[in-house]
Amino acid sequence: VHVTRNGGKTWRNVTPSDLPPNTRVSRIDASPHRAGAAYVAAEQHQMDDRAPYVWRTDDYGATWTRIVDGIAPNDFVRVVREDRVRAGLLFAGTEHGVYVSFDNGAQWRSLSLNLPDVQVSDLVVEQRDLVIATHGRSFWVLDNITPLRQLTAATLAGTETRALQLFEPARAIRRVYAADIDYQLTARVDSMRIDVTDGDGRSARSWRDGPRGPGLYRSSWDLRYTGATVFPGIVLEGGDPRRGMWAPPGRYQVRLTAYGTTGVVRAAQPLTVVRDPRLTDVTAEDLRAQFALAQRIRDKESAANESVIRIRAIREQVRVRMARDTIGIARNMSSPIVDAAALFVRNLNDVEQAIYQVKNQSPKDKIAFPIRLNDRLTGLRSNLESGDERPTAAHQRVYLELSHELDVQLGNLERTLQRDLVRLNNALRAAGLAPIVVAERVPIS
């Protein structure tokens, strides 16, 4: 091992004094954090010596410390590299896998996880990922080593007293990197609730994990907000309304709630979402404008689909009531109850069919039958979010047109409930039967 401090004009031999003769020096990795610090990996397996050889210097090679504690005695080392973010976080590639050290090489532990028993010839930390090259087993990537950069001595020693530790998520990039939410549990929990809120404290997305035992876990947010309400069997041409809007750039907060036998434990961390830095002609304000319109469209999708749910629930009430309470008079087609029920259901059907293509029973059906209002709304949002850009005037105009059409149909529904349902209920009361009661909103699961 030689070092130069004048751009190669002169070199000085700084080989570790305990490096055996005829040893191959495989890699030298200069520390990105400390001047004069470097790591050397060497091997002697061709001399029938498979012991690990790794050294660290902090003074340009004037002195060396051998750092192999924790590496198997027959697992020779091919490469050691220091993390570019956390000083002293080291990764070693060996003949039989990968090791990690959190204390600048004082102690190593296996990081092979699900790797086969494989030679790791080289490795590199690329932004937030650990990438390894193997011999004959391809490249492997350990995605997002953010939690490794935040592990504490107490966690590593197993003396962490907190029941829940939430690590600060790495910066998420819209459409590129999801938000990985990593957390550590020291006790079993029945379930985990994960909430993501925006900078104003409004909900962006919520979901549940669990049950969980002690250990390190990862849950991911795909950077999409909650999608639109849907109903069973929905078939649309325009896309999937359950997929929410892309989160605009900004500051968010991740909150975890653990429910266990010993009570409820909570933790929170900030999260930053940024735009793709390669899109130099798109601003964060452009993406916020896109999000605002997409959110309005989603709300209209939900309103349309919830009206279908409501119509179907009301219609089912009428069907059950007619089958149960009008056995004696249902055959008389001139019965005021039968006539009022038929008119009421017919008007409900007209609204439903204007909002949703009821003939769709399978994905292929959407080719044969014209799309309706909810499908057009979903298609508009899909088109709007097909790329990162400010909404066009056409997007705005079509949204206003579809909103107006939907408002007309929702108005027709309300008039049907206020007029035709009243007529049906009057007929039911006249026959001594209880009226049909319609909730303002049908609960949505």
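Refer to the preceding data block for the structure.
Residues numbered from 1 in each chain as written. Predicted model: local features only at pLDDT ≥ 70, side-chain atom pairs only at ≥ 80, totals over all residues. Heavy atoms only, no water.

> Explain the sheet that holds strand β11 (residues 120-126) here, please?
Strand pairing in a sheet relies on backbone hydrogen bonds. The paired strands run either parallel or antiparallel. Read across the sheet, three strands follow the order β11-β12-β13 without closing on themselves; strand pairing throughout is antiparallel. At either margin of the open sheet sits one strand with a lone partner, and together these are β11 and β13 (139-142). Ignoring strand direction, the axes of neighbouring strands in this sheet form an average angle of 20°. With four bridges connecting them, strand β12 (residues 129-134) and β13 associate as antiparallel partners. Bridge pairing in β13 places A133 opposite F139. (Pairing = 2+ DSSP bridges. Helix = DSSP H or I, 4+ residues; strand = E, 2+ residues; numbered from the N terminus. Axes fitted to C-alpha atoms, helices over the stretch in contact; angles between N-to-C directions.)

> Just to check I follow, could you spell out the nonpolar core for this structure?
If you look at soluble globular proteins, the nonpolar side chains tend to sit buried side by side. One finds W221, L256 and L424 to be the most contacted residues of the largest nonpolar core, which totals 65 residues. No other element matches helix α3 (residues 284-325), which puts eleven residues into this core. Ignoring any residue separated from it by four or fewer positions in sequence, one finds L424 in contact with V318, I337, A340, A341, F344 and I436. (Core = buried A, V, L, I, M, F, W, Y, C linked by side-chain atoms within 4.5 Å. Buried < 20%, exposed > 50% of the residue type's maximum accessible area, 1.4 Å probe, protein only. Contact = heavy atoms within 4.5 Å.)

> Explanation requested: the sheet that holds strand β6 (residues 65-66) in the structure shown.
Strand order in the open sheet made by the four strands is β3-β4-β5-β6, with antiparallel pairing throughout. The open sheet has two edge strands with one neighbour each: β3 (24-30) and β6. Sheet topology note: the strand β5 (residues 49-57)/β6 ladder contains two bridges and is antiparallel. Paired with R56 across the two strands is T65, which belongs to β6.

> Explanation requested: the environment of G136 in the structure shown.
Mapping G136 onto the fold places it in the loop between β12 and β13. Taking the relative accessible area as the measure of exposure, G136 reaches 76% and is therefore exposed. Taking the C-alpha atoms as reference points, G136 and V54, 82 residues apart in sequence, are found 24 Å from one another.

> I would appreciate a short explanation of the side chain of D286 in the present structure.
As for its placement among the helices and strands, D286 is situated in helix α3. On the accessibility criterion, D286 (14% relative accessible area) is buried.

> I keep staring at the packing of helix α4 (residues 336-355) against helix α7 (residues 393-430) and nothing clicks. Help me out?
In a pair of packed helices, the angle between the axes and the distance between the axes together describe the arrangement. At a closest axis distance of 9 Å, the pairing of α4 and α7 adopts a crossing angle of 170°. Taken together, the axes of α4 and α7 lie roughly antiparallel to each other. For the contact of α4 with α7, the per-class residue count stands at 18 nonpolar, four polar and three charged. (Parallel < 35°, antiparallel > 145°, perpendicular 65-115°, else oblique. Nonpolar A, V, L, I, M, F, W, Y, C, P; charged D, E, K, R; others polar.)

> Can you help me understand the packing of aromatic side chains in this one?
For any pair of aromatic rings, geometry is given as the distance between the ring centres together with the angle between the planes. Inspection of the entire model under this criterion finds five aromatic pairs. Note on W221 and Y252: the rings are 5.6 Å apart at their centroids and 65° apart in plane angle, and the pair reads as edge-to-face. Placement of the pair is W221 in strand β19 (residues 215-221) and Y252 in strand β22 (residues 250-260), with a sequence separation of 31 residues. By relative accessible area, W221 is classed as buried at 1%. For the ring pair F231 and Y356, a centre distance of 4.9 Å and an interplane angle of 80° mean the geometry is edge-to-face. With F231 in the loop between β20 (224-226) and β21 (243-246) and Y356 in the loop between α4 and α5 (365-368), this residue pair connects regions lying 125 residues apart in the sequence. Y356 carries the same exposure label as F231, and that label is buried. (Phe/Tyr/Trp six-rings, centres within 6.5 Å; stacked < 30°, edge-to-face > 60°.)

> Would you mind going over the pattern of salt bridges with me for this structure?
Oppositely charged side chains may form a pair once their charged atoms are brought near each other. Applying the stated criterion across every chain, the model contains 34 salt bridges. Among the salt bridges present, the one from E95 reaches R78, with a minimum N-O distance of 3.0 Å. Of this pair, E95 sits in the loop between β8 (90-94) and β9 (97-101) while R78 sits in strand β7 (residues 77-82); the two residues are 17 residues apart in sequence, bridging distant segments of the chain. The same class applies to E95 as to R78, namely buried. Its salt-bridge partner being D200, residue R202 comes within 3.0 Å of it at the nearest N-O pair. You'll find R202 and D200 in the same group, each marked exposed. In the salt-bridge network here, residues are joined through shared partners; they are R27, D29, R81, R84 and D122. (Salt bridge = Lys/Arg side-chain N within 4 Å of Asp/Glu carboxyl O.)

> Looking at this structure, how should I read the environment of V189?
Structurally, V189 is set in the loop between β16 (179-185) and β17 (191-197). Excluding residues that lie within four positions of it along the chain, V189 makes contacts with P211, R212, A258, Y259 and G260.

> Just checking my understanding: could you explain the packing of helix α6 (residues 373-384) against α7 for this structure?
With their axes 10 Å apart at the nearest point, α6 and α7 run at an angle of 160° to one another. As summarised for this structure, α6 and α7 are arranged roughly antiparallel, according to the angle between their axes. Between α6 and α7 lies a crossing of left-handed hand. Side by side, α6 and α7 meet where L373, R376, L377, L380, N383 and L384 of the first sit next to H395, V398, Y399, L402, E405, L406 and Q409 of the second. When grouped by side-chain class, the residues that make up the contact of α6 with α7 number eight nonpolar, three polar and two charged. (Left-handed = near helix turned anticlockwise from the far one by under 90°.)

> Sorry if this is basic, but what is going on with the pairing of β9 here?
The buried count for β9 comes to five of five residues, which makes it a mostly enclosed element. Pairing between β8 and β9: five bridges, direction antiparallel. Each bridged residue has a counterpart across the sheet, and for L90 the counterpart in β9 is S101.

> Sorry if this is basic, but what is going on with α4 here?
An α-helical turn contains 3.6 residues, so any two residues separated by three or four positions project in the same direction. In a regular helix each residue adds 1.5 Å, so 20 residues correspond to 28 Å; α4 covers 29 Å between its end C-alpha atoms and thus fits that length. Burial in α4 covers these residues: I337, V338, A340, A341, F344, V345, N347, L348, V351, E352 and I355. (Expected span 1.5 Å × (residues − 1).)

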